[in-house]
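These are the residues of each chain, in order.
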Amino acid sequence: MSTTFLSRLALMCTGSMIAAASVTAPALAQQADAPPPAEAEEDVSREIIVTGTQIQGAKINDVLPVTVVDEVDIANIAATSGDELFRAIPQAGGVAFNEQNDTTVNNARGDAASINLRDLGTGNTLVLINGRRMVLNPGFQTELLVPVVSPDTNEIAPGSVRRIEVLRDGASAIYGADAVAGVVNTVLRGNRKGGFIEGEFRTSEGTSLDTYSVAGGYGFDFAGGKANLTVYGGYFHETGLPNSERAYAADDNRSALVVGTPFEGDTQFNNRNTFGPFGQFDIQAPTNRTPLADDDFYLQPSTFTGCRIDLGNGLCARPGITPDVAVRYNTNFGGTLISEKTRYNAMGLLSYEFSSSLEAYFEGSYYRSESERFITPAAILSAVPVGISRNAYWNPFGPVTFPGGAANPNRIPGTTIPTTGADVIMERYRFVDAGNRSVNVTKDSYRLVAGLRGNFGAWDFDTGFVYSEARTTDLEGNRVSLTLLQQAINQSTPQAYNPFNGGCVTGDPGNGDCTPNPASSIDPFRIEVFRKGGTTLALADFKVSNASLFTLPGGDVGIAAGIEWRRETFFDDRDPRLDGTITWTDSVIPGVTFGSDVVGTSPSPDTSGVRNVWSAFAETFVPLVSEDMDIPLVSALNLQLAGRLEHFDDINQTAIVPRVAASWTTIPGVTFRGAWSQGFRAPNLVQVNDEGTTRSNTRDDFVICQAQVEKGQLSGLGVCPGEGVISFRSGTDQLEPEDSESINLGVVLEPGFIPGLTLTADYWRVKQTGLVGTFGDDNAIALDLLRRLNGGSNPNVIRAAPTAEQIALFTGTSLAPAGEIIQVLDPYLNLDSRVSSGWDFGLFYNVPDFGAGDIRLRFNAARLESFVQSAGTDGQELLDGIAAGALPPEVVVGGLGQLLEIEGRPKWRFSGSVNWGMGPVDVGLFAQYVGQVWDTSVSRDLPFTSDDPNINFFRVDDFLTFNLNVAYTFEKGALDGTRIRLGVNNIFDEDPPLADEDLGYFSALHSPRGRVFRVELRKTF
């Protein structure tokens, strides 16, 4: 668009005011600016400023579903981070951003977390602080092969939160993009009068994991009571937890943990890696030149069977391309389960009342986190082998004499390798003697908000400006440079690095390296690799509202309208050895190059992007019937309408979405509510600006394997040996916003004969279309097979010309000859659609006072009913081919169909609490439940026949934990205002349910902390 910024604002402002009279937006509950009571520290008032309406002061109750987590709930949850706090909300789905999910530099690593309402996907939940957007975390996470982004919920310190409001319904018409699943608004505690300081110590039973925290805050009025300044500060430190202290995380081989279950003896629970210190190599000489009778061999202890060549020092060589199970490496050895971390946060909130109709406000916050953890040592990629020169000092098939004339002491006897030696290709190897990789991530984030609010006559207004910025530096140590490594290996002196010395020949060969190279040979190729990222958010808005525009027989009509501009930026700066500045060219294997010079990591270019978004909204609340009108079975009938326009300049797309909501109270205490809305999510900046990311994955080449099956060389595609495949994923500004349609229907019961009790039940359904995704390189290869069976091919699978050997393989089969896969093109596209639905149930009961103290009951449950993902055009072609029998049953298209309980997405989640207080004593009991799921990476060796398509997968148990806390507040003497709280989280010390995952459990669903004892001391003044 060619109009200027000012003309756009004027146009949207005019449009929103006109729309306000006709198609305006739903409201959720009353929004108020009234300050809290004078004693903010002891305030437990339940006034609600509900996320979902912009009409200040409108009397809108029970119209839309909302969950409120107040200070009592926060104390019950006893979270040390925003992540733990938000996970306690049953409507929150799996957490893709978590510190256990950070094994590669391409993930969002460090002390970061995300929120994913309804499991609709990270990025579909809008996260606000005091009603305005949070900046996104600089890193991104791959979810279903697509980069997703999210604010970092760990930036929210639980101690500064007054409450959290969760709108469990799409709200794009109110707040714009990303509100497909709902909105989470954190309301900060401002206008404090007085101060507090508190300290807490926690320890996880039976482990070395301890946490320490100190926090404080102080607020005061000045300028004759017209102004208030409230400040907070906090420090948090956690010592960290090694993998070795949890049985499920200590070893990739978890076979012992399934003894006594139907999966006892199942080899799928042994996930030790074929890349270890016992390397696998390929001799560049005919197979008859050595006793191996094979050009491929791997190392193992000489006490193992299958040895063909004795290499001395308890080591031997065995022919083959895949190391035996007994010699595979435990990648969790020496790793960290929970990182050592430190957090700092500071915040200030200032308000100044110029008059009864004008107030200025300011928010400023700073957050810093530092974390360190250790992950498995670096290993080469299967698609990027390393050539070892025949003249390398430690090459056992080297020359009889080195070029300088010195005798070669390492050439093994008993071969007919030429006297000049033979080159060797290193195909599998892990640099265990270089040490576990260290991952150090620091993050700095700050947020500034300034604004004015007040009224002119009956009209309230709020205008503000937000600027927020986040920066991260991910520094990974003990990485390996391919160029420097090859130079170190190929030296012809004893100072060369020796990859042929194996690991531990006694004890467990999968743990550590008992024959490490000296540091002097490792240090020359050991490097640090960085990844730096940054995001910014600038936002300006202007909103007006009138809760009593005019009066109908049913009550006051409310109206609101507003405009907003925001600018979002990001950058992702990779180390020169990753971004293509420093590449690798193999000095031994002709023509082999790679865009990354870092062992084990594919190249990733530097990327950056910027987006400007202009939007306008309008909403109205219309009370059609009130109780005073005395209409039978219609005690109250309220209608809400909303509309929003939002334009994205980077993709040149405009979204216009409406929303309609209503509530109908039949008789006092029985209210039905419902809402219909459309929503949208724009493709994120990474998806739009990624110029091309190369990834190396192990994939089955179904085309080659199908020929081998037809020739009798393989028993079936199920045993197709994987190989390294290069996948090229790229973004585009031609992507369109994902569209959604939401329906929410519910009932609220407040029986008059049980005062203080509220029961709710809500059904929801969300349909999403045009989901941004990649087809997947494995699916692309399967589609290539299907089309080749019909005489065509998939152009996204780029292959080399077939060799003479491959032509011979394909002769006599149903397929034309095909060469090796060079690359699979896998761009981001608007692909599939998804329909999900479920139920929410709530119970809230403040027991009337009958002399036994204050008693409060809370229960919140989420039932996921269905989660169905439907294929796009290419995906449907694959499914049709499988259904018709054109493709063998071993070809499986993942991520489609009914995904309920698959790799997460449990049917049931709930949380509940009971609180009792009398005088200085308060007691809280909190329960949290996460239901069962299926782990599809493990299936029964002897499958059952059942109508349940998941019955043969491994069932991951449910997870129920209880927290208990007891607090005593001193009210007299020197300790007046002092509170001591003793608590136990996870009273029964439940381990996370076992799953066939990297660390033995689903980190997106469960916690490994176990039973935690905590002591908190707090002093108010």
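Residues numbered from 1 in each chain as written. Predicted model: local features only at pLDDT ≥ 70, side-chain atom pairs only at ≥ 80, totals over all residues. Heavy atoms only, no water.

1. Things to note about the overall build of the protein
Put simply, the test is: Counting from the N terminus, the helices are the DSSP runs of H or I reaching at least four residues and the strands are the DSSP runs of E reaching at least two. A radius of gyration in this sense is built from C-alpha atoms; the matching globule rule multiplies 2.2 Å by the number of residues raised to 0.38. Any two residues having at least one pair of non-hydrogen atoms within 4.5 Å are treated as being in contact. Each accessible area is a Shrake-Rupley estimate made with a 1.4 Å probe; only the visible protein chains count as cover when residues are assessed. Positive charges come from Lys and Arg alone, negative charges from Asp and Glu alone, with His and the N- and C-terminal ends not counted. By convention, the point assigned to a charge is CZ for Arg, NZ for Lys, CD for Glu and CG for Asp.
A tally of regular secondary structure across the protein gives twelve helices and 48 strands. Against the globule reference of 31 Å for 1021 residues, the protein gives a C-alpha radius of gyration of 31 Å, in line with a compact fold. Across the protein, every contact between residues at least 6 apart in sequence was considered, and the portion connecting residues at least 24 apart equals 73%. Surface accessibility of the protein: about 39,100 Å² in total, with carbon and sulfur atoms responsible for 57%. The protein carries 76 positive and 122 negative side-chain charges, and their two centres are separated by 2 Å.

2. Some remarks on the packing of helix 10 (residues 777–789) against helix 12 (residues 873–883)
Spelled out, the test is: The axes are straight lines fitted to the C-alpha atoms, using for helices just the contacting stretch, and the angles between their N-to-C directions are given from 0 to 180°. The labels follow the angle: roughly parallel below 35 degrees, roughly antiparallel above 145, roughly perpendicular from 65 to 115, and oblique for the rest. Helix crossings are classified by the rotation of the near helix relative to the far one: an anticlockwise turn of less than a right angle makes the crossing left-handed, while a clockwise turn makes it right-handed.
In contact at an axis separation of 10 Å, helix 10 and helix 12 are set at 55° when each is read in the N-to-C sense. The orientation of helix 10 relative to helix 12 falls into the category oblique. Here the hand of the crossing between helix 10 and helix 12 comes out left-handed. Between helix 10 and helix 12, the residues in contact are Asn779, Ala782, Leu783, Leu786 and Arg787 and Asp874, Glu877, Leu878 and Gly881, respectively.

3. Structural notes on the sheet that holds strand 7 (residues 182–188)
We count it as follows: In this description, strands pair whenever DSSP reports at least two bridges between them.
Spatially, five strands are ordered 1-6-7-2-3 in an open sheet, and the strand pairing comes out mixed. Since the sheet does not close on itself, it has two edges, and those belong to strand 1 (66–69) and strand 3 (132–133), each with one partner. Pairing between strand 2 (residues 125–129) and strand 3: two bridges, direction antiparallel. Among the inter-strand pairings, Leu128 is bridged to a residue of strand 3, identified as Arg133.

4. Topic: the pairing of strand 43 (residues 921–930)
As a general feature of sheets, a regular strand has side chains that alternate between the two faces. Pairing analysis gives ten bridges linking strand 42 (residues 908–918) to strand 43, with the strands arranged antiparallel. Looking across to strand 43, one finds that Gly912 is bridged to Ala927. Bridge count for strand 43 against strand 46 (residues 959–970) is ten bridges, and the pairing is antiparallel. Bridged to Val930 within strand 46 is Phe959.

5. Examining the sheet that holds strand 15 (residues 315–319)
In space, the six strands of this open sheet follow the order 14-15-13-12-20-19, with antiparallel pairing throughout. This sheet does not close on itself; its edge strands, each paired only once, are strand 14 (309–312) and strand 19 (386–388). Averaged over all pairs of adjacent strands, the angle between strand axes in this sheet comes to 35°, irrespective of strand direction. Alignment of strand 14 against strand 15, held across three bridges, turns out to be antiparallel.

6. With respect to the state of the cysteines
For clarity, the threshold we go by: Note that a disulfide, as used here, is simply two cysteine sulfur atoms within 2.5 Å. The classification of residues rests on relative accessible area computed with a 1.4 Å probe and restricted to protein chains. Under 20% of the type maximum is buried, over 50% is exposed, and intermediate values are partly exposed.
According to the stated counting rule, one finds three disulfides in the structure shown. Between the sulfur of Cys307 and that of Cys316 lies a disulfide, 2.0 Å long from S to S. Taking the torsion about the sulfur-sulfur bond, which here is approximately -60°, the covalent link between Cys307 and Cys316 counts as left-handed. Assessed through its relative accessible area of 29%, Cys307 is described here as partly exposed. Between the sulfur atoms of Cys705 and its disulfide mate Cys720 the distance is 2.0 Å. Since a negative S-S torsion denotes a left-handed disulfide, the Cys705-Cys720 link at about 70° is right-handed.

7. Side note on the confidence of the model for the protein
Quick reminder of the rule: Per-residue confidence from the predictor is reported as pLDDT, a score between 0 and 100.
When pLDDT is averaged across the protein, the result is 90; 94% of the residues are at 70 or more. Model confidence for the protein, summarised as mean pLDDT per element, is weakest for helix 1 (residues 5–20) at 36 and strongest for helix 6 (residues 482–489) at 98. Across residues 1–48 the pLDDT falls below 50, and counting only partners more than four positions away or on other chains, this stretch makes 129 contacts in the model.

8. With respect to the nonpolar core
The criterion, for reference: Among the buried residues, those of types Ala, Val, Leu, Ile, Met, Phe, Trp, Tyr and Cys that are joined through side-chain atoms within 4.5 Å form a nonpolar core.
In terms of nonpolar packing, the biggest core is built from 42 residues, with Phe297, Phe397, Met426, Phe431, Leu485 and Tyr497 touching the most fellow members. The set of elements that each furnish at least two residues to this core consists of strand 12 (280–283), strand 13 (296–301), strand 15, strand 19, strand 20 (424–428) and helix 6. Those residues in contact with Leu485 that sit more than four places away from it in its chain are Met426, Phe431, Val480, Tyr497, Phe525 and Val599. Formed by 36 residues, the second largest nonpolar core is a distinct cluster that contains Val69, Leu120, Ile129 and Trp764.

9. What about the pairing of strand 7?
Here strand 7 lies mainly inside the structure; seven of its seven residues are buried. Here strand 7 shows a buried face lined by Gly182, Val184, Thr186 and Leu188 and a second buried face lined by Val183, Asn185 and Val187. Sheet topology note: the strand 2/strand 7 ladder contains five bridges and is parallel. Note that in strand 7 the partner of Thr125 across the bridge is Gly182. Where strand 6 (residues 161–167) meets strand 7, six bridges bridge the pair, whose relative direction is antiparallel. Within strand 7, the residue paired with Leu167 across the bridge is Val183.

10. Comments concerning empty space enclosed by the protein
Condition: Grid spacing is 1 Å over the protein atoms alone, the probe is 1.4 Å, and a cavity is where that probe fits but cannot get out, while a pocket is an open set with protein on both sides within 12 Å along at least five of seven lines and lining residues have an atom within 4 Å of a point. Grid points are joined across faces, edges and corners, and a volume is the space filled by probe spheres set on the points. Classification convention: Asp, Glu, Lys, Arg as charged; Ala, Val, Leu, Ile, Met, Phe, Trp, Tyr, Cys, Pro as nonpolar; all other residues, Gly among them, as polar.
Scanning the entire structure with this criterion turns up eleven cavities of 30 Å³ or more. By volume, the second largest cavity is sized at about 460 Å³. Contributing to the lining of the second largest cavity are 36 residues, with Leu136, Val149, Asp178, Glu568 and Asn684 lying nearest its centre. For the lining of the second largest cavity, the elements supplying multiple residues, two or more each, are strand 2, strand 23 (526–552), strand 24 (555–574) and helix 8 (685–689). By residue number, the principal contributor to the lining of the second largest cavity is strand 24, which donates four residues. The residue inventory of the lining of the second largest cavity, partitioned by class, reads 19 nonpolar, ten polar and seven charged.

11. A word on the pattern of salt bridges
Opposite charge on two side chains permits them to pair, given that their charged atoms come into close proximity. For the record, the criterion: Salt bridges, as used here, are contacts in which a Lys or Arg side-chain nitrogen is within 4 Å of a carboxyl oxygen on Asp or Glu.
Tallied over the full model, the rule gives 58 salt bridges. In this structure, Arg566 and Glu568 form a salt bridge, with 3.4 Å as the shortest nitrogen-oxygen distance. Overall, the relative accessible area of 13% leaves Glu568 in the buried class. Linking Asp650 and Arg611 is a salt bridge whose minimum nitrogen-to-oxygen distance equals 3.0 Å.

12. A few points about helix 12
Rules: The directions from the helix axis to the C-beta atoms form the arc being described.
Within the sequence span of helix 12, burial applies to Gly875, Leu878 and Gly881. Projection of helix 12 onto a plane perpendicular to its axis shows the buried side chains occupying an angular sector of 125°, all on one side. Opposite its buried face, helix 12 presents the exposed residues Thr873 and Ala883, each directed more than 90 degrees away. Those residues of helix 12 that are buried lie in contact with helix 10. Looking at the residues trailing helix 12, positive phi occurs at Gly885, about 85°.

13. Things to note about the packing of aromatic side chains
Our working definition: Centres within 6.5 Å are what make two rings of Phe, Tyr or Trp a pair, Trp counting through its six-membered ring; a difference in plane orientation under 30 degrees is then read as stacked, over 60 as edge-to-face, and the rest as tilted.
If you walk through the whole model with that rule in mind, you get 32 aromatic pairs. Ring centres 5.0 Å apart and planes at 85° place the aromatic pair Tyr497 and Phe525 in the edge-to-face group. A residue pair is termed long-range when its members are at least 10 positions apart, and Tyr497 in the loop between helix 6 and helix 7 (519–522) and Phe525 in the loop between helix 7 and strand 23 qualify at 28 residues. Given a relative accessible area of 0%, Phe525 falls into the buried group. By way of ring pairs, the aromatic residues Tyr218, Phe220, Phe222 and Phe1021 are connected into one cluster.

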